[in-house]
Amino acid sequence: MVIVELRDVRKVYPLGKVEVEAVKGVSFCIEKGDFISIAGPSGSGKTTILNMIGCVDRPTAGLVRIGDRQTKDLGDKELTTLRHETLGFIFQSFNLIPVLSVFENIEFPLLLGKQRMHAKEKKEWIDYLVEEVGLSDWRRHKPTELSGGQRQRVAIARALAGKPAIVLADEPTANLDSGTGEQILELMKKINREMQTTFIFSTHDAKIVELADHVIRLRDGLVIENLRNGADASGLCAEGGTRAAASAAGA
Amino acid sequence: MEIFRLALRNLSRQKKRTFLLGGAIAFGLMIVTLINGFAGAFLTNISENFANLAAGHIFAQGVEKSASGREYELIRDDSLLLAAAKEAGIPAKYVTKVSSFDGNLVFAGHTARLTIDGVDFATETFLPERLVFKEGGLAGMKDRQGIIISDPIAKRLDVRPGDRLLVQLKTYSGQNNVGEFAVAGITPDPGIFGSMAGYANKAYVNELLNIGSGEYQTLGFYLPSLDGMDGYGDAFYKAVKARAAVFDRDAAKKETNPIRAFMNQGKNETWAGVKYRVYTLNDLLAQVKQIAEVLKTSSLVILLVLFGIIMVGITNTFRIIMYERIREIGTMRSIGMQRAEVRNLFLSEAMILALGGALAGLAVAGAVMAGLSMVNFGLSSPLFIILKNGHMTFRLDALTTAFDVLVVAALTLVSAMLPARKAARLDPAVALRTVK
């Protein structure tokens, strides 16, 4: 079931008087529950594509569809609601809120939006997430009191707090040593398997790419390879991706 | 509520900066509260001090005019005035009937000019209850020629209780006269106004003025409080006017110098018999009232000027805060925080700062007021007239204070509004890309 569809997406950034085309007509589809790596060297357009899937940036041209919703039709308020309800974010620099404890950082997305979880249910859910990421003894600590790996675990738990269909991770291991990076990826993979959450992460590390079910390789803003379980996945959209996306959103 | 909690945490990040910003707000409100407190008590203290000096809040004088155009202040029969006071329902705590003259006291080549009020010490309790003696006392007033003078006058004349001195004066009809007084008591220096007054037995003062024993010059009603002075004054004026000829009170009140205007009433007119002059302390203190109003208006102007400066500081600080937290704003927007919630987060921080600062400002102002009111400036202080028994007093109006706090809160919110809106409008992708 296709959950994300990009069709002929372009993104141009103004850089002073010059325009830089970061993404030059990219099309691909992503299946629900996949563990996807968007790989490529620096400047290939990985973060830009993740931002457009994450609805924090809009394409200059083309179509981005999340579930059954075309992002170009949505206003800021609706995009924010879509991000809140459907997407989770993991950042390279963790981006935790420094004044909040581990527990509060994870709780934060649950305090936003109109639909609120019951207090008891919320506490149990956060406790579960804290345990899941192995930070039971650190729940009251502030981010500054944690190691890089621990901070990224908090970020993962925060991304999962709202039970999103998709988690976007922009180079989640780039600021971690290789051992910790592997642990983080294993954790993400475990959650992907257990919760059937779609993980889309960008990386330029070949070792990490090996863990993905679906690999989209970029170079200079173009898709140069699109493999799902070793097979070419460029036809995924043609196989009724748009239609499937609509039913995925229902799921 | 969550946004409020986060705002509170955010303010604790840079404690020094928060303290400085809150301190600036507190300082502004403290200054304004002090001015307001001072202005609030200013009029009350002046009124009470004048009421004590003049022995009343509502006054009546009888004025007669001779064929030669000379005016005489004299109440020959006060039954009309007392009936009018009864009709007006004046709740007088004391009724004072004062005869007085300006005279020169002479002792061993030394002279001093002062106003001598005649008081019936046997029946009038207003003055005896208030007098404090440095030397001598009321016992000396059993001598019908006894006089009570202030310490500065006693020093100038170099007299002690028991000394006898001469007085030169004019009778009520303008004839020169000479009398003799015996110093009965010396009061501590009561300040520039009080030091010019002395007290003698009314019977002897009347004799010196050449007026009858039951006659006097000024009838005064001392009210239990300053409240209602205008209402009772109006009613008394109306009641006297219904019974006898009176000078136009409203015209004199409107003059720029109402004291002079009241005393000059009838200068350019002639009449037969007695014409009454009715006035209240508020009529005479209209200018003081204006000063108090000017002080209150100034405090609002000062508040606005101070906050004009503080607002620039708040706006700049919040702009800095916005740039410091730009990636955090991007993160929160990505997670699902709406623009309005980002704006409200900044405004909540500003509101906590404003209310915290205002509370601190009020507390500090209260402490300063308490400290200042404990200082005894002494009765001889040139500030005597604005003090209460030598102490500064402050009177805060709850409504004005609440209004000031509201102004502070509103101005702080306005100052933070621009950076808050800018933060809310940040494109999350741009915010996340920003490298600090």
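Before any of the text, the structure's been laid out above.
Conventions used here
Residues numbered from 1 in each chain as written. Chains lettered and ligands numbered in written order. Predicted model: local features only at pLDDT ≥ 70, side-chain atom pairs only at ≥ 80, totals over all residues. Heavy atoms only, no water. Helix = DSSP H or I, 4+ residues; strand = E, 2+ residues; numbered from the N terminus. Buried < 20%, exposed > 50% of the residue type's maximum accessible area, 1.4 Å probe, protein only. Contact = heavy atoms within 4.5 Å. Areas by Shrake-Rupley, 256 points an atom, 1.4 Å probe, with all protein chains shown as cover. Lys, Arg positive; Asp, Glu negative; His and termini not counted. Charge placed at Lys NZ, Arg CZ, Asp CG, Glu CD. Patch = residues over 30% accessible without salt bridge, like charges linked within 9 Å, V, L, I, M, F, W, Y side chains within 5 Å. Salt bridge = Lys/Arg side-chain N within 4 Å of Asp/Glu carboxyl O. Pairing = 2+ DSSP bridges. Axes fitted to C-alpha atoms, helices over the stretch in contact; angles between N-to-C directions.

## Considering the overall build of chain B
What chain B contains, in helices and strands, is 16 helices and 11 strands. Projected onto the principal axes, the alpha-carbon positions of chain B cover approximately 100 × 50 × 30 Å. By residue count, 49% of the 436 residues in chain B fall in the buried class. Look at the contacts in chain B between residues 6 or more apart in sequence, and 78% of them connect residues 24 or more apart. Summed over its atoms, the accessible surface of chain B is roughly 20000 Å², and 59% of this surface lies on carbon and sulfur atoms. In chain B, the 48 positive side-chain charges and the 38 negative ones have mean positions that sit 13 Å from each other.

## Brief notes about a negative patch on the surface
Residue and element names in this part refer to chain A. There is a patch of like negative charges on the surface, built from Glu182, Glu186, Asp205 and Glu210. With respect to the secondary-structure elements, Glu210 resides in the loop between helix H7 (206-209) and strand E9 (214-219). Using a relative accessible area of 67% as the deciding quantity, one classes Glu210 as exposed.

## With respect to the pairing of strand E3 (residues 94-107) of chain B
Residue and element names in this part refer to chain B. Of the strand pairs in this sheet, E3 and strand E10 (residues 218-222) are connected by 5 bridges, and their pairing is antiparallel. For Tyr94, the partnering residue across the bridge sits in E10 and is Tyr222. Across 9 bridges, E3 lies against strand E4 (residues 110-119) in antiparallel orientation. Opposite Gly103, over in E4, you have Leu114 as the bridge partner. If you look at the hairpin formed by E3 and E4, you'll find 2 residues sitting between the two strands, and Ala108 has a positive phi there, around 50 degrees. Bridge analysis of E3 against strand E7 (residues 164-170) gives 3 bridges, and the strand direction is antiparallel. What sits directly across from Val106, in E7, is Leu166.

## A look at the sheet that holds strand E3 (residues 35-39) of chain A
All names here are of chain A. Within the open sheet, the 7 strands sit side by side as E6-E7-E8-E3-E9-E10-E11. Their pairing is mixed. The sheet terminates laterally at strand E6 (87-90) and strand E11 (231-232), the two strands that pair on one side only. Both strand E10 (residues 222-228) and E11 contribute to a ladder of 2 bridges, which runs antiparallel. Of the residues in E11, the one forming a bridge with Arg228 is Ala231. Contacts from helix H6 (residues 178-195) reach E3, strand E7 (166-170) and strand E8 (198-203) within the one sheet, and its direction differs from that of E8 by about 155 degrees.

Purely geometric stuff here, so don't read any function into it on its own.
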